[in-house]
Number of protein chains: 2
Amino acid sequence: MPLNFPPTLEWRESALRLLDQTRLPAEEAYLDVRTVADLCDAIKRLVVRGAPAIGCAAAYGVLLAAREARAQSGSCGTARPVNWPERFDALCEQLAASRPTAVNLRWAVERCRAAAHGLLKAGKHIDQIEAALEREARGIHDEDRAMCEAIGRHGADLLPSGRATVMTHCNAGALATGGSGTALAVFYAAQARGAKLKIFADETRPLLQGARLTAWELARAGIAVTVICDNMAASVMRAHKPDAVVVGADRIAANGDTANKIGTYGLAILARHHGVPFFVAAPSSTFDLSLADGAGIPIEERHRGEIAEPYGRMSVPETAAVFNPAFDVTPADLITAIVTEKGVLRPPYRESIAKLLGG
Amino acid sequence: MPLNFPPTLEWRESALRLLDQTRLPAEEAYLDVRTVADLCDAIKRLVVRGAPAIGCAAAYGVLLAAREARAQSGSCGTARPVNWPERFDALCEQLAASRPTAVNLRWAVERCRAAAHGLLKAGKHIDQIEAALEREARGIHDEDRAMCEAIGRHGADLLPSGRATVMTHCNAGALATGGSGTALAVFYAAQARGAKLKIFADETRPLLQGARLTAWELARAGIAVTVICDNMAASVMRAHKPDAVVVGADRIAANGDTANKIGTYGLAILARHHGVPFFVAAPSSTFDLSLADGAGIPIEERHRGEIAEPYGRMSVPETAAVFNPAFDVTPADLITAIVTEKGVLRPPYRESIAKLLGG
């Protein structure tokens, strides 16, 4: 990959180091997180964001939870501290509940928690459990890197091999994963094959992840990127006839309905109207087969200030209401293909998804 | 009308007083403009904005131009100062060119300029010409008020008489006209008839006229308004099934293609997708029959900083490009009806527009 970025997240002995994404692009600053409460706060404040990156961070967070549960029990030297499982589970639950929409968060927490309970049942010493949790988290992080590479390869097959104009929304890049991204991994892979890309990045209100993060990482990777306001996407589609729209996903239901950053649904409608292929790039951990369709995906609503007071300056009078959903659901029938690390899914998605996840 | 606003613009003896819309909603501040250069600057900086309001301001601006041309000639006491017509025409041209997309600006300047030249030809004294220009500007302003009332009446006929949920974009209200607005006049008229309205206002990046201005004036008029980011419109349409979208216009071609604030075109596509009627509300002065269709409408591109540095804080890295068109063109086939002060136009627009403007 052409990436030479500061790592989005990194385990460092006693702390999880996060690149503070709230401060990009103006500053590259780091935050060292040592407790579950601090990690939950970092996830809620979007210091770390993007479904796969949240999953990786949460995996390391389960290790923090194990250590914290031991410290809380006040018996650091013992093999099986008093009430450790209860304290550990409560911290894991707190972590899993820090954001509601992305499924990777709970998936990663449950995977690590289950590993810990397995070892507990087998009578292992708490030291061994902690060591295993570190291995598990590093494993999830490594898998995430490999997943990004594979998504990039599969996705690049869908783009023209020479010049290509592509649109994207929010940030589904290196900053949103433990590796090179999902949607943006497709661009990095295409570039590595010699494609000459021109990317239009929606700024993505209210928190401007497209303007702040996608533009930063694409420019840093030497890919030509132009930032537009979200409401300019239709004009760009008509004028520039892009070859594709590629976006990430936070949760995908069994029928292919896809929750992603607010604005994705509208963009998919505009793509359909202009005959532009609309691709979702996401790891298989994003699928939630417990949901028959997108109606069951919980949509996080965030606070008024994100819209009403950008940069602390009042832009909405106090007498007006504000609605701030962080995600929307794009119906499967607007999605041309879903690119996963295991291959490219096409409609009908209920069948292709079941086959992918069963196989 | 239920409006008890500070006037958007007001002629005061020697100056045009403008409500400074760049400072709303935080502050109600005024700017007194005495020269054509200062008025051009105010128009460019969007102290006054909205096609009809710009037209009214420009009409008073022609009076400023006449006075300035006389002062420049250094012969204030004479009946026909040296070079007055040349100086006056140059100032009028400067004014007409201050923004390219709205047609009302040049329309108002040309109407007043033609009146002045008529009197000049008839041998009138410069004092008489200035007095006539003040009458002409006040006349345009009065016509604008009456136009708003009539648009409101015609448009309210298109909304349900009881509860109605309506979406709008940017600000086509009292702040955008010399009266009660175009799109928002429809809401004020419906409210006066007893309708209970719920309005969703797109914030309208980059300059947030929806959040700052539309929310401010609707809330002040006692109409329930909820501000959303532009990229939330599709979600709101699916969830709230609005009865209509109503927007303003900056220029309408002979076939009904409509230039309006950037984002209008995308909103029209979303409305079509969700089966929501899409209404344009605009005075007949917005039509430009010299253009067969929207392809000929010049689209103003504004500077990078509006997107890249909201409130002075960097949100786009310097290594990324920015594209900032201020308007887009909505094809006539996405428009359900065009509401003018003379009545409601329906497709086929080439015929209905020709009939309206010919009649």
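As a starting point, this report considers the structure included with it. No experiment lies behind these values; they were computed from the predicted model shown. (Residues numbered from 1 in each chain as written. Chains lettered and ligands numbered in written order. Predicted model: local features only at pLDDT ≥ 70, side-chain atom pairs only at ≥ 80, totals over all residues. Heavy atoms only, no water.)

## As for the sheet that holds strand 5 (residues 196-202) of chain A
- Strand order across the open sheet formed by 8 strands is 15(A)-14(A)-10(A)-7(A)-4(A)-5(A)-6(A)-12(B), with mixed pairing between neighbours. A single partner strand is all that each edge strand has here, and the edge strands are strand 15 (343-345) of chain A together with strand 12 (321-322) of chain B.
- Here 2 bridges tie strand 6 (residues 224-228) of chain A to strand 12 of chain B, and the two strands are oriented parallel to one another. The partner of Thr226 of chain A across the bridge, within strand 12 of chain B, is Ala321 of chain B. (Pairing = 2+ DSSP bridges. Helix = DSSP H or I, 4+ residues; strand = E, 2+ residues; numbered from the N terminus.)

## Brief notes about the interface of chain A and chain B
- The interface of chain A with chain B comprises 53 residues on the first partner and 53 residues on the second.
- Summing the contributions of chain A and of chain B, the shared interface buries around 4200 Å²; its carbon and sulfur component is 67%.
- Taken together, the connections running from chain A to chain B amount to 2 salt bridges.
- Counting every contact that joins chain A to chain B gives 20 residue pairs in polar contact (both at pLDDT 80 or more).
- Looking at which element gives the most residues to the side of chain A that touches chain B, the answer is helix 9 (residues 264-274) of chain A, with 6 residues.
- Of the residues in the side of chain A that touches chain B, the class split is 33 nonpolar, 13 polar and 7 charged. (Contact = heavy atoms within 4.5 Å. Buried area = accessible area lost by both parts, 1.4 Å probe. Salt bridge = Lys/Arg side-chain N within 4 Å of Asp/Glu carboxyl O. Polar contact = N/O pair within 3.5 Å; in protein donor to acceptor, adjacent residues only side chain to side chain. Nonpolar A, V, L, I, M, F, W, Y, C, P; charged D, E, K, R; others polar.)

## Observations concerning the environment of Leu218 of chain B
Residue and element names in this part refer to chain B.
- Positionally, Leu218 belongs in helix 7 (residues 209-220).
- Classification of Leu218 by relative accessible area gives buried; the value is 0%.
- Taking the C-alpha atoms as reference, Leu218 lies 42 Å from Arg70; in sequence the two are 148 residues apart.
- The residues touching Leu218, leaving out its near neighbours within four places in the chain, are Leu184, Phe187, Tyr188, Ile199, Ile223 and Val225. (Buried < 20%, exposed > 50% of the residue type's maximum accessible area, 1.4 Å probe, protein only.)

## Concerning the packing of helix 6 (residues 183-192) of chain B against helix 7 of chain B
Residue and element names in this part refer to chain B.
- One can describe the packing of helix 6 onto helix 7 by two numbers: an axis separation of 11 Å at closest approach and a directional angle of 15 degrees. Relative to helix 7, the element helix 6 is oriented roughly parallel. For the pair helix 6 and helix 7, the crossing hand works out as right-handed. In this structure, helix 6 uses Leu184, Phe187 and Tyr188 to contact helix 7, whose residues at the interface are Thr214, Glu217 and Leu218.
- In the contact of helix 6 with helix 7, the residues fall into 4 nonpolar, 1 polar and 1 charged. (Axes fitted to C-alpha atoms, helices over the stretch in contact; angles between N-to-C directions. Parallel < 35°, antiparallel > 145°, perpendicular 65-115°, else oblique. Left-handed = near helix turned anticlockwise from the far one by under 90°.)

## Here's the deal with helix 6 (residues 183-192) of chain A
Residues and elements named next belong to chain A.
- Buried residues dominate helix 6, accounting for 8 of its 10 residues.
- Close packing links the buried residues of helix 6 with helix 5 (126-156), strand 4 (163-168), strand 5, helix 7 (209-220), strand 7 (244-247) and strand 10 (278-281).
- At the exit of helix 6 stands Gly194, carrying a positive phi of roughly 100 degrees.

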